[in-house]
Amino acid sequence: MAEFVKDLEVLGQNAREEIGAASTLPTLQEVRVKYLGSKGKITGLLKQLGSLPKEERPAVGKQINEIKIAVGQELNERREVLEIEAAKPKNPIDFTLPGRCVKVGRMHPLTQVTEDIVRSFRRLGFAVAAGPEIEDDYHCFDALNTPADHPARDIQDTFYLGTEGRQLLRTHTSSVQIRVMKSQPPPIRIVVPGRVYRRDTADATHNPTFHQIEGLYVDRGVTVGDLKGTVEFVFKELLGREVKLRFRPHYFSYTEPSLEIDFSSPLTCKLGKEWLEIAGCGMVHPRVFENVGYDPDVWSGWAFGFGIERIAMMRYGINDIRLFYENDSRFLNQF
Ligand code: DAH
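A short tour of the structure in this document, coming up.

Parameters at a glance
- Residues numbered from 1 in each chain as written.
- Predicted model: local features only at pLDDT ≥ 70, side-chain atom pairs only at ≥ 80, totals over all residues.
- Heavy atoms only, no water.
- Helix = DSSP H or I, 4+ residues; strand = E, 2+ residues; numbered from the N terminus.
- Buried < 20%, exposed > 50% of the residue type's maximum accessible area, 1.4 Å probe, protein only.
- Areas by Shrake-Rupley, 256 points an atom, 1.4 Å probe, with all protein chains shown as cover.
- Lys, Arg positive; Asp, Glu negative; His and termini not counted.
- Charge placed at Lys NZ, Arg CZ, Asp CG, Glu CD.
- Polar contact = N/O pair within 3.5 Å; in protein donor to acceptor, adjacent residues only side chain to side chain.
- Contact = heavy atoms within 4.5 Å.
- Pairing = 2+ DSSP bridges.
- Axes fitted to C-alpha atoms, helices over the stretch in contact; angles between N-to-C directions.
- Parallel < 35°, antiparallel > 145°, perpendicular 65-115°, else oblique.
- Left-handed = near helix turned anticlockwise from the far one by under 90°.
- Nonpolar A, V, L, I, M, F, W, Y, C, P; charged D, E, K, R; others polar.

1. Considerations on the overall build of the protein
Stage number 1. Secondary structure summary: the protein contains 12 helices and 10 strands in total.
Stage number 2. The dimensions of the protein, computed from C-alpha atoms along their principal axes, are 120 × 45 × 45 Å.
Stage number 3. Out of the 335 residues in the protein, the part that is buried amounts to 42%.
Stage number 4. Accessible area for the protein stands at about 18800 Å²; split by element, carbon and sulfur atoms hold 52% of it.
Stage number 5. Each charge class in the protein can be summarised by its mean position, and for the 44 positive and 46 negative side chains these summaries are 6 Å apart.

Structure (structure tokens):
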């Protein structure tokens, strides 16, 4: 019996060493078969139990079983380790190597300016609205109290689609004022960034397509003072404290009174202009309110339209509008 127990210990020891030395899953499997398979060494010992005297069998049997369980456990643990090893990539990435610079894209300068303006207005409680670029003359002109003989409607100024002349590429974002007011009751506080189209030939300051941001505020008792305060707040946020704004009387058929906004900053002066026109605005004309079904005796409001390119040119000191549309990465990478 002492002999048997000694053999058992040696066997356990050998098994442990072989398990530790197995460096692949197939070799480990061979070790498992060698010791625990149906013809394995430990299994063999169990079979020999019968040859021992009856009274010794329980104690020896217990020992063999303990070894069997221990070896089985070690085999399983080793298998887990080897499985993790096997799952590792063959050519692992070395994260300590120096990185290669990848050029990521960035927002177009016009998008950056638009987002900054929108952010300022959002802080004042304005929501963003949108409308179609292919418009009809009702939303673009008629509902905005723009008479049939207004030059903006001229075929020289506007891109009409088809022959009937009702569909056109919107000449301004003001058409969205009508769409929004028709779709909901006052009060309203919206900004509408978007692309607009005019029959301009491209030169340093004009392009047949450009971007505007429209604003509309309708409530009870809204005044020109609200308009000036709001516009000043946004421009100072956008272009700096030193910006000066000037409101000049003007004419738009959808506002009364109408104003144009000029602004002046160290940058405009650098570009050789003390004042630069950037927006039209005014108090919403009572006839526009009537056209959308609002009672002009109850509601008042202001509206404006900024040219986004103008603002971007100012902000970044750009003197040719065409640079925005050429997609030259040498230009775009600067923003
Ligand atoms: N729609 C005008 C333009 O394109 C700008 C404008 C002027 C918008 C006055 C307005 C406004 O909302 O009230 O030049």
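Next comes the rest of the description.
2. Notes on the side chain of Thr209
Stage number 1. Tracing the backbone through its elements, the reader meets Thr209 in strand β6 (residues 209–219).
Stage number 2. Within the local environment of Thr209, its side chain forms a polar contact with the side chain of Arg195, the two groups lying 3.5 Å apart.
Stage number 3. Other than its neighbours up to four places away in sequence, Thr209 contacts Arg195, Val196, Tyr197 and Tyr325.

3. Observations regarding the pairing of strand β10 (residues 300–307)
Stage number 1. Most of β10 sits out of view: 8 of its 8 residues are buried.
Stage number 2. Neither face of β10 is exposed, since Ser300, Trp302, Phe304 and Phe306 on one face and Gly301, Ala303, Gly305 and Gly307 on the opposite face are all buried.
Stage number 3. Sheet topology note: the β6/β10 ladder contains 8 bridges and is antiparallel. By the bridge assignment for β10, Tyr217 is matched with Trp302.
Stage number 4. Looking at chain direction, strand β9 (residues 276–284) and β10 are connected through 5 bridges and run antiparallel. Residue pairing for β10: Ala279 is matched across the bridge by Phe306.

4. Quick word on the sheet that holds β9
Stage number 1. Read across the open sheet, the 7 strands follow the order β1-β5-β6-β10-β9-β8-β7; overall the sheet is mixed. In the strand order of this sheet, the two ends are held by β1 (127–128) and β7 (244–252), each with one partner.
Stage number 2. The strands touched by helix α7 (residues 175–183) within the sheet are β5 (188–197), β6 and β10, with β6 carrying the most contacts at an inclination of about 40°.

5. A word on the sheet that holds strand β2 (residues 134–136)
Stage number 1. Strand order in the open sheet formed by 3 strands is β2-β4-β3, and the pairing between neighbours is antiparallel. Two strands bound the open sheet, and with one partner strand each, they are β2 and β3 (160–161).
Stage number 2. The sheet contact formed by β3 and strand β4 (residues 167–169) spans 2 bridges and is antiparallel. The residue of β4 that forms the bridge with Tyr160 is Leu168.

6. So, the packing of helix α5 (residues 109–123) against helix α8 (residues 224–239)
Stage number 1. Two elements in contact, α5 and α8, have axes separated by 10 Å at closest approach and are oriented at 135°. Relative to α8, the element α5 is oriented oblique. In this structure, the crossing between α5 and α8 has a hand that is right-handed. For the pair α5 and α8, the contacting residues are Val113, Asp116, Ile117, Ser120, Phe121 and Arg123 in the first and Thr230, Phe233, Val234, Glu237 and Leu238 in the second.
Stage number 2. Looking at side-chain class alone, the contact of α5 with α8 contains 6 nonpolar, 2 polar and 3 charged residues.

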